[in-house]
Amino acid sequence: MPTLVPPSERHRASFLDAVREAQQTGSGLGDTLTFDIPELERDFPAFLAHLRRFEPPAVPPEGFVNSESLWLVEGDTYLGRVSIRHTLNARLREFGGHIGYEIRPGQRRRGYATLALRLALERARELGLTRVLVTCDVDNAGSRRVIEKGCGVLEGEFTVPDYERVIRRYWIELA
Ligand SMILES: CC(C)(COP(=O)(O)OP(=O)(O)OC[C@H]1O[C@@H](n2cnc3c(N)ncnc32)[C@H](O)[C@@H]1OP(=O)(O)O)[C@@H](O)C(=O)NCCC(=O)NCCS
């Protein structure tokens, strides 16, 4: 059964394969598509530290909030990742929300995003969150379905500054 774990060296090779896969297919979250693979290979510990830079007790710079990255893995295989923002700021309240996720292209349509969101919601509950915001592009049919299966209640469809697509905001009650 896949689990969410902190990013670590154990999944380095599989993670790098997943980044190559995403970049070759052009399908993934924005940062995945722009990761510099030779640089990640050169200094993976620095990348791991970068992923963990906003975890408490770190005090994030202006405009950022405490957050954590977790990887969905099974054994040594990296399947995908989630980001959990511990609080919202004005921008995240509009767009981004508390939880973001991505499944590597070769492992999609197997229920992993549904599982990743469920596990991320368990983690959010542990963090003391009672209500979680999740957003997606209106035309991201997979993500919409994942959120709706995760009991997301639609707040509405919105446009936000500096983003060209219409987005949907959903709230998930954890209490
Ligand atoms: C969106 C994404 C996370 C879905 O991951 P996934 O592991 O394929 O999702 P699941 O297998 O859990 O599928 C959940 C549901 O969505 C449906 N679904 C998944 N991808 C779909 C697609 N492209 N079009 C239509 N439905 C889709 C599945 O059929 C399933 O529905 P069902 O349970 O009724 O059969 C994945 O495509 C991805 O990582 N995309 C790039 C990053 C991204 O968009 N992240 C979300 C940002 S908001």
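Everything in this summary refers to the structure shown in the same document. Computed from a prediction, not measured in an experiment: that's the story for all the values here.

Thoughts on the packing of aromatic side chains
In the structure shown here, the tally under the stated rule is 11 aromatic pairs. With centroids separated by 5.0 Å and ring planes inclined at 85°, the aromatic side chains of Phe-15 and Tyr-78 adopt a geometry described as edge-to-face. With Phe-15 in helix H1 (residues 12-25) and Tyr-78 in strand S3 (residues 77-85), this residue pair connects regions lying 63 residues apart in the sequence. Take Phe-15: its relative accessible area is 2%, and that puts it in the buried class. Take Tyr-78: its relative accessible area is 3%, and that puts it in the buried class.

Considering H1
Taking 1.5 Å per residue as the helical rise, H1 with its 14 residues ought to reach 20 Å, and the 20 Å between its terminal C-alpha atoms agrees with that figure. Along H1, the residues classified as buried are Ser-14, Phe-15, Leu-16, Ala-18, Val-19 and Ala-22. Its buried side turned inward, H1 meets helix H2 (30-34), helix H3 (37-42), helix H4 (44-51), strand S2 (67-74) and S3. Where H1 ends, the next residue or the one after it, Gly-26, has phi of about 70°, a positive value.

A look at the sheet that holds strand S4 (residues 99-103)
Strand order across the open sheet formed by four strands is S1-S2-S3-S4, with antiparallel pairing between neighbours. Where the open sheet ends on each side, the last strands, each with one partner, are strand S1 (3-5) and S4. In this sheet, adjacent strand axes meet at a mean angle of 25° when their direction is disregarded. Where S1 lies against S2, three bridges are found, and the strand directions are antiparallel. In the sheet register, Leu-4 faces S2, and the bridge partner there is Leu-72.

Quick notes on the environment of Leu-16
Positionally, Leu-16 belongs in helix H1. Leu-16 sits in the buried class, given a relative accessible area of 4%. In the structure, Leu-16 is positioned 65 residues away from Arg-81 in sequence and 13 Å away in space, judged by C-alpha atoms. The residues contacting Leu-16, other than those within four sequence positions of it, are Leu-40, Glu-41 and Phe-44.

Considerations on the pattern of salt bridges
With the rule as written, the count across this model stands at 19 salt bridges. Put simply, Glu-122 and Arg-118 hold a salt bridge, and the shortest N to O gap is 3.3 Å. In this pair, Glu-122 and Arg-118 both sit in helix H6 (residues 112-126), four residues apart, roughly one turn of the helix. Residue Arg-118 is classed as partly exposed on the basis of its relative accessible area of 42%. The partner of Arg-165 in a salt bridge is Asp-137, with the nearest N and O atoms 2.8 Å apart. Residue Arg-165 is found in the loop between strand S6 (153-158) and strand S7 (167-173), and its partner Asp-137 is found in strand S5 (residues 131-137); the two are separated by 28 residues along the sequence. Classification of Asp-137 as buried rests on a relative accessible area of 11%. Salt bridges linked by common partners bring Asp-17, Arg-20 and Glu-41 together as one network.

The rules we used
Residues numbered from 1 in each chain as written. Predicted model: local features only at pLDDT ≥ 70, side-chain atom pairs only at ≥ 80, totals over all residues. Heavy atoms only, no water. Phe/Tyr/Trp six-rings, centres within 6.5 Å; stacked < 30°, edge-to-face > 60°. Helix = DSSP H or I, 4+ residues; strand = E, 2+ residues; numbered from the N terminus. Buried < 20%, exposed > 50% of the residue type's maximum accessible area, 1.4 Å probe, protein only. Expected span 1.5 Å × (residues − 1). Contact = heavy atoms within 4.5 Å. Pairing = 2+ DSSP bridges. Axes fitted to C-alpha atoms, helices over the stretch in contact; angles between N-to-C directions. Salt bridge = Lys/Arg side-chain N within 4 Å of Asp/Glu carboxyl O.

So, to be careful, I would describe these as geometric facts and stop short of saying anything about function.
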